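# Remarks on the overall topology
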Amino acid sequence: MGFAATGFAILFNVPPRTLWLIFIMGALGGTLKLVGLKLGLNIISSSFLGALLIGFLSVRASHFRHSPPFVFAIPAVIPMVPGAFTYRMMLGIIRLTGENDHTLFLQLLQETVDNGLKALFVLSALSLGVSGPMLLSRKTTTKKIE
């Protein structure tokens, strides 16, 4: 995930001095997500923990490299976005439009809603995990405005 995070950072034209930190944050956040999944946590909790780690690291890195925390956090968390669930949801919606069998329609509807809700809650967990540490430390990280 570190390479994907670095790729998104280059795509977003972040300063080159921040690339190695974004790589490390993306790799650590993705690793924590995978470890959480291996330990039996669900995808939502695991994604939240990975994003929370990225959020805390980005606040520290912003002081170290004198850049806003979102420069580090956003490219590092994008590889954790649940593209597979969203894709399956969209395919389910398309298949629902042409399904005539009532039993198959209900099963397909259940799978589609399940995938859509997983995608929604993972995205919510990612946004809360990344922004939470920044909001908690906001008073100590902003400079005085005169």
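Scroll up to find the structure this text is about.
Notes on the structure in this doc start here. If you're wondering where the values come from, they're calculated on a predicted model, not measured in any experiment.

### Considering the nonpolar core
Nonpolar side chains in soluble globular proteins generally cluster together in the buried interior. Formed by 23 residues in total, the largest nonpolar core has its most connected members in Ile22, Met25, Ile54, Phe72, Val77, Leu126 and Val130. At the level of secondary structure, the elements contributing two or more residues to this core comprise α1 (2-11), α2 (19-38), α3 (43-65), α4 (69-77) and α6 (102-136). Met25 has contacts with Ile54, Leu57, Ser58, Ala61, Phe72 and Ala76, leaving out every residue within four places of it along the chain.

### Quick notes on the packing of aromatic side chains
A full pass over the atoms with the stated rule returns three aromatic pairs. Each ring, one from Phe3 and one from Phe23, has its centre 5.0 Å from the other, and the planes form 65°; the classification is edge-to-face. With a gap of 20 residues between them, Phe3 in helix α1 and Phe23 in helix α2 connect regions that are remote in the sequence. Here Trp20 and Phe64 contribute two aromatic rings whose centre-to-centre distance is 6.3 Å and whose plane-to-plane angle is 85°, an arrangement assigned as edge-to-face. Of the two residues, Trp20 is situated in helix α2 and Phe64 in helix α3; the sequence distance between them amounts to 44 residues. With relative accessibility at 43%, the residue Trp20 sits in the partly exposed group.

### What about the side chain of Asn115?
Tracing the sequence through the fold places Asn115 in helix α6. The residues touching Asn115, leaving out its near neighbours within four places in the chain, are Phe85, Arg88 and Met89.

### What about unusual backbone geometry?
Phi is positive for Asn13, close to 60°, though the residue is something other than glycine. Tracing the backbone shows Asn13 in the loop between α1 and α2. In this structure Asn13 comes out as exposed when scored by relative accessible area, which is 68%. Within the chain, His66 stands out as a residue other than glycine whose phi angle is a positive 55°. Mapped onto the secondary structure, His66 falls in the loop between α3 and α4.

Definitions and cut-offs
- Throughout this document, residue positions are counted from 1 along each chain, in the order its sequence is written.
- Note on the predicted model: pLDDT of at least 70 is required for a residue's local features to be given, and 80 or more for side-chain atom pairs to be given and counted; whole-chain, interface and lining totals, by contrast, use all residues.
- Side-chain measures were taken over the full set of non-hydrogen atoms in the model, leaving aside hydrogen atoms and water.
- In plain words, nonpolar cores are sets of buried Ala, Val, Leu, Ile, Met, Phe, Trp, Tyr and Cys residues tied together by side-chain atoms within 4.5 Å.
- Relative accessible area decides the class of each residue, using a 1.4 Å probe on protein chains only: under 20% of the type maximum gives buried, over 50% gives exposed, and in between gives partly exposed.
- By definition, any uninterrupted DSSP run of H or I lasting at least four residues is a helix, any uninterrupted run of E lasting at least two residues is a strand, and each is numbered from the N terminus.
- Note on contacts: a residue pair qualifies if any of its non-hydrogen atoms lie within 4.5 Å across the two residues.
- Geometry of aromatic contacts follows a simple scheme: Phe, Tyr and Trp rings, the Trp one being its six-membered ring, pair when their centres are within 6.5 Å, and the pair is stacked under 30 degrees between planes, edge-to-face over 60, tilted otherwise.

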